[in-house]
Amino acid sequence: MSKDIFERDRAGEVVSLSDPEFNKMGEAIERAQRLIAELNTGYHPTDEVRDLFSQLIGEKVDETFEMLPPFYTDFGQNIRVGKEVFINQGCTFMDRGGISIEDHVLIAPKANLVTTNHPISPSQRRATVSHPIVIKKRAWIGIAATIMPGVTVGENSIVSAGAVVTKDVPDNVIVAGVPAEVIKTIEE
């Protein structure tokens, strides 16, 4: 049995605009944009934000989840969040490859979690390839940090403001810079 475009995308296969199923991807992206427009327009109390975010990702989030809009995503259906997760305003999650955020994670304003990239070859550059991002328990993603495709941020770790994370971050460290490097070990 062959995989559909969403399964191939999540599996890290190259997806071309000429793919016969690309219209399905376009429809899913349009669905996300309608929900994002509603979320980002006007004031919504915390429970309404939680409701709209739950609709966006396709499953109910825990009552301890908090987010301050505006929030941006290209897809929405591949985001999973744990308990006591806080996402501050102006964040962008490109989640076609899957974004998993475990319990007690803090995400500062304007953070970017990007699971989709483009092939290096100029002839294929309009295609995309996606890889998952995992943010482990009690991690803290700083202001305007960017997490690139395929990265796991370890438990208790901190990604400093403005860092660009291109490789996995171990547990219990602070990373900073472009590209991000370990600058300190966290000890209790």
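Going by the structure above, here's the rest.
Okay, so let's go over this structure. (Residues numbered from 1 in each chain as written. Predicted model: local features only at pLDDT ≥ 70, side-chain atom pairs only at ≥ 80, totals over all residues. Heavy atoms only, no water.)

## Here we look at the side chain of Asn78
Counted only if it meets this: Labels follow the DSSP assignment, with helices taken as runs of H or I lasting at least four residues and strands as runs of E lasting at least two, numbered in each case from the N terminus. Working rule for contacts: check all heavy atoms of both residues, and any pair within 4.5 Å makes them a contact.
If you trace the backbone, Asn78 turns up in the loop between strand E2 (71-73) and strand E3 (79-81). Every residue in contact with Asn78, bar those within four places of it in the chain, is listed here: Arg10, Asp95, Arg96, Gly98 and Ile99.

## Describing the environment of Gly12
Cut-off, in case you're wondering: Using a 1.4 Å probe on the protein chains alone, a residue whose accessible area is under 20% of its type maximum counts as buried, one over 50% counts as exposed, and one in between counts as partly exposed.
Looking at the secondary structure, you find Gly12 in the loop between helix H1 (5-10) and helix H2 (22-39). The class of Gly12 is buried, set by a relative accessible area of 18%. Distance in space between the C-alpha atoms of Gly12 and Thr41 is 33 Å, their sequence separation being 29 residues. Ignoring any residue separated from it by four or fewer positions in sequence, one finds Gly12 in contact with Val129, Ser130 and His131.

## Regarding the packing of aromatic side chains
What describes a pair of aromatic rings is the distance from one ring centre to the other and the angle between the planes of the rings. Quick reminder of the rule: Two rings from Phe, Tyr or Trp (for Trp, the six-membered ring) form a pair when their centres are within 6.5 Å of each other. A pair whose planes differ by under 30 degrees is stacked, one over 60 is edge-to-face, and the rest are tilted.
Under the definition given, this model contains four aromatic pairs. Between the aromatic rings of Phe6 and Phe75, the centroid separation amounts to 5.8 Å while the plane-to-plane angle is 40°, which identifies the pairing as tilted. Taken together, the residues Phe6 in helix H1 and Phe75 in the loop between E2 and E3 connect sequence positions 69 residues apart. The partly exposed category is assigned to Phe6, whose relative accessible area is 25%. Both rings, one in Phe71 and one in Phe93, keep their centres 5.0 Å apart while their planes meet at 75°; by these two values the pair is edge-to-face. Residue Phe71 is located in strand E2, and its partner Phe93 is located in strand E5 (residues 91-94); the two are separated by 22 residues in the primary sequence. As far as the burial class goes, Phe71 and Phe93 line up, both buried. An aromatic cluster of three or more residues is present, and its members are Phe53, Phe65, Phe71 and Phe93.

As far as function goes, none of this settles anything; it's purely spatial.
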